[in-house]
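Take a look at the letters that make up each chain.
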Amino acid sequence: MSLTAVLLAAGSSPSPSSSESTAVTLPTVQDAQKSATNAASWVEQNWSTWLAIGLRVLLILVVAAVLRAVVQRAITKLIDRMTRTAQAVDGTALGGLLVNNERRRQRSQAIGSVLRSVASFLILGTAALMVLGAFQINLAPLLASAGVAGVAIGFGARNLVTDFLSGVFMILEDQYGVGDVIDAGVASGEVIEVGLRVTKLRGSEGEIWYVRNGEVKRIGNLSQGWATAGVDVTVKANEDLDRLKATLDEVAEKMSAEEPWNELLWSPIEVLGLDSVLLDSMVIRISARTMPGKSLAVERELRWRVKRAFDAADIHIVGGETAVEDATNAPDATEAVAAPSVHAAPDSPQSAAASPMVQQRTVPK
């Protein structure tokens, strides 16, 4: 049989079924070779661009990492230098009062944390934008969206931002620290922890106050510089002023020379004179400049010594034993007050006239 007859017989055979017609045709070697040739050509045309982008991104990341490490190390050295400066001041009498280890540690940690966070945010944020720009991504819509989101977050968390910024400036300006006694307006007490958002205070009765830094409008620091101890002594108006001043001067001189009060007192105890003069009493003011936070202790000791000195000199303080004796010897004020009505007095003629008459019985004989 010839080849032509075979081909004709095959052509006259019945058509294949639908399942045979939908069979997947495998790619030929020529198709695969063509695809590989196109891919290689595309890679050959763009490899230089990819290499340039990759090198640029790598350079940006390396520079950002190195710059971040350098800046953080510089910040750490700056904080260490501040700590060493405070430790050098610690040797002086005033330096030991204004700063302490816990206060320096917390202040250094807070300042270092803020500066490192800001530096990292700026460096890494700039590097991220530069990487996106290297990939030829349009940054205008991204920056616009970030701006809108920042405004929305700023309105929603404005109290948090206010607390944070207020805390940063309080720490940077060293307005107060751990161990200081402050009056923050909304609360007062001893500072036990200083944070960027909240400050913890220990009240006079042991309670702990959590004060948001953004709510503090004024701060009165009672532990910086020096404090004033003032004592008012109230005596009778007929006391001898010269004897009073001599007694108080003796108390002040003796207390200023004794330990530990001679270290707590930063100025001599002064008798300022009469603070007020009333009809039956007068007030003498005593004042002294003391170490910060020690004014209450000095005032208590000064009152104790003044009372003992006055008892020894037979000088009576108003409100003491003398006032009680006068109160016991004073006449009863109600004796001089007339009755509200003459009928209320049983011995008065009006009361006798108003009483009913009693009929006398006659006894029969």
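Residues numbered from 1 in each chain as written. Predicted model: local features only at pLDDT ≥ 70, side-chain atom pairs only at ≥ 80, totals over all residues. Heavy atoms only, no water.

### As for the nonpolar core
- With 25 residues, the main nonpolar core has Val235, Ile269, Leu302, Val306 and Phe310 as its most contacted residues.
- Only strand E6 (227–236), helix H8 (241–257), helix H9 (261–264), strand E8 (281–290) and helix H10 (295–312) provide two or more residues apiece to this core.
- When sequence neighbours within four positions are dropped, the list of residues in contact with Val306 reads Val233, Leu248, Val251 and Ile286.
- With 17 residues, the next largest nonpolar core counts Ile111, Met170, Tyr176 and Leu201 among its residues. (Core = buried A, V, L, I, M, F, W, Y, C linked by side-chain atoms within 4.5 Å. Buried < 20%, exposed > 50% of the residue type's maximum accessible area, 1.4 Å probe, protein only. Helix = DSSP H or I, 4+ residues; strand = E, 2+ residues; numbered from the N terminus. Contact = heavy atoms within 4.5 Å.)

### As for the packing of H8 against H10
- As a packed pair, H8 and H10 sit with axes 10 Å apart at the nearest point and diverge in direction by 135°. When the axes of H8 and H10 are compared, the pair comes out oblique. For the crossing formed where H8 meets H10, the hand is right-handed. Contacts between H8 and H10 involve Leu244, Thr247, Leu248, Val251, Lys254 and Met255 on the former and, on the latter, Val298, Glu301, Leu302, Arg305, Val306, Ala309 and Phe310.
- Grouping the constituent residues of the contact of H8 with H10 by class yields 9 nonpolar, 1 polar and 3 charged. (Axes fitted to C-alpha atoms, helices over the stretch in contact; angles between N-to-C directions. Parallel < 35°, antiparallel > 145°, perpendicular 65-115°, else oblique. Left-handed = near helix turned anticlockwise from the far one by under 90°. Nonpolar A, V, L, I, M, F, W, Y, C, P; charged D, E, K, R; others polar.)

### Thoughts on H8
- Taking 1.5 Å per residue, 17 residues should reach 24 Å; H8 reaches 25 Å between its end C-alpha atoms and fits that length.
- Here H8 has its buried residues at Leu244, Thr247, Leu248, Val251, Ala252 and Met255. For H8, the angular spread of buried residues about the axis comes to 135°, placing them on one side. Turned more than 90 degrees away from the buried face of H8, the exposed residues are Asp242, Glu250, Glu253, Lys254 and Ala257.
- Contacts from the buried residues of H8 go to E6, H9, strand E7 (270–277), E8 and H10.
- The opening residue of H8 is Asp240, an N-cap whose side-chain oxygen sits 3.3 Å from the backbone nitrogen of Asp242. (Expected span 1.5 Å × (residues − 1). Arc of directions from axis to C-beta. Polar contact = N/O pair within 3.5 Å; in protein donor to acceptor, adjacent residues only side chain to side chain.)

### Structural notes on the environment of Phe135
- Counting through the fold element by element, Phe135 comes out in the loop between helix H5 (101–134) and helix H6 (140–156).
- What makes Phe135 partly exposed here is its relative accessible area of 48%.

### Some thoughts on the packing of aromatic side chains
- Here the structure, examined in full by the defined rule, presents 0 aromatic pairs.
- Across from the ring centre of Trp226, 3.7 Å away, lies the NZ or CZ of Arg289, which sits over that ring. (Phe/Tyr/Trp six-rings, centres within 6.5 Å; stacked < 30°, edge-to-face > 60°. Lys NZ or Arg CZ within 6 Å of the ring centre and 35° of its normal.)

### A few points about the sheet that holds E6
- Here 3 strands make up an open sheet; going across it, the order is E6-E8-E7 and the pairing antiparallel. Looking along the sheet, the strands with just one partner apiece sit at the ends: E6 and E7. When the angles between neighbouring strand axes are averaged without regard to direction, this sheet yields 25°.
- Bridging between E7 and E8 involves 6 bridges; their strand directions are antiparallel. Bridged to Ser276 within E8 is Val283.
- H8 contacts E6, E7 and E8 of the sheet and is inclined by roughly 25° relative to E8. (Pairing = 2+ DSSP bridges.)

### Focus on unusual backbone geometry
- The omega torsion across Glu259 and Pro260 is 0°, close enough to zero to call that bond cis.
- For Pro260, the position within the fold is in the loop between H8 and H9.
- Unusually for a residue other than glycine, Asp174 sits at a positive phi of about 55°.
- Among the structural elements, Asp174 can be located in the loop between helix H7 (158–172) and strand E1 (181–183).
- Among the residues examined, Asp174 registers a relative accessible area of 24% and is labelled partly exposed.
- Here Asp314, not a glycine, exhibits a phi torsion of approximately 60°, which is positive.
- Inspection of the secondary structure assignment puts Asp314 in the loop between H10 and helix H11 (321–329).

### Observations regarding the pattern of salt bridges
- Across all of its chains, the model carries 11 salt bridges by this definition.
- The salt bridge involving Arg303 is made with Glu299; its shortest N-O contact spans 3.8 Å. Here Arg303 pairs with Glu299, and both are found in helix H10, just 4 residues apart, close to one helical turn.
- Residue classification places Arg303 among the partly exposed positions, given a relative accessible area of 41%.
- Judged by relative accessible area, which is 12%, Glu299 ranks as buried.
- Arg305 is paired through a salt bridge with Glu301; the nearest N and O atoms lie 2.8 Å apart. (Salt bridge = Lys/Arg side-chain N within 4 Å of Asp/Glu carboxyl O.)

### A few points about the pairing of strand E4 (residues 208–212)
- Alignment of strand E3 (residues 198–202) against E4, held across 5 bridges, turns out to be antiparallel. Among the inter-strand pairings, Thr199 is bridged to a residue of E4, identified as Val211.
- Where E3 hands over to E4, the hairpin turn is made up of 5 residues, of which Gly206 adopts a positive phi near 95°.

### Structural notes on the environment of Met130
- Position of Met130 among the secondary structure elements: in helix H5.
- By relative accessible area, which is 46% here, Met130 ends up partly exposed.
- Each C-alpha atom of the pair Met130 and Leu61 lies 9.5 Å from the other, and the pair is 69 residues apart in sequence.

### Description of the confidence of the model for the protein chain
- For the protein chain, mean pLDDT is 75; residues scoring 70 or higher make up 70% of the total.
- Note on residues 91–99: pLDDT is under 50 here. Beyond four places in sequence and across chains, it has 16 contacts.
- Low pLDDT (under 50) marks residues 320–327, which in the prediction has 3 contacts with non-local residues, meaning those over four places away or in another chain. (pLDDT = per-residue confidence, 0-100.)

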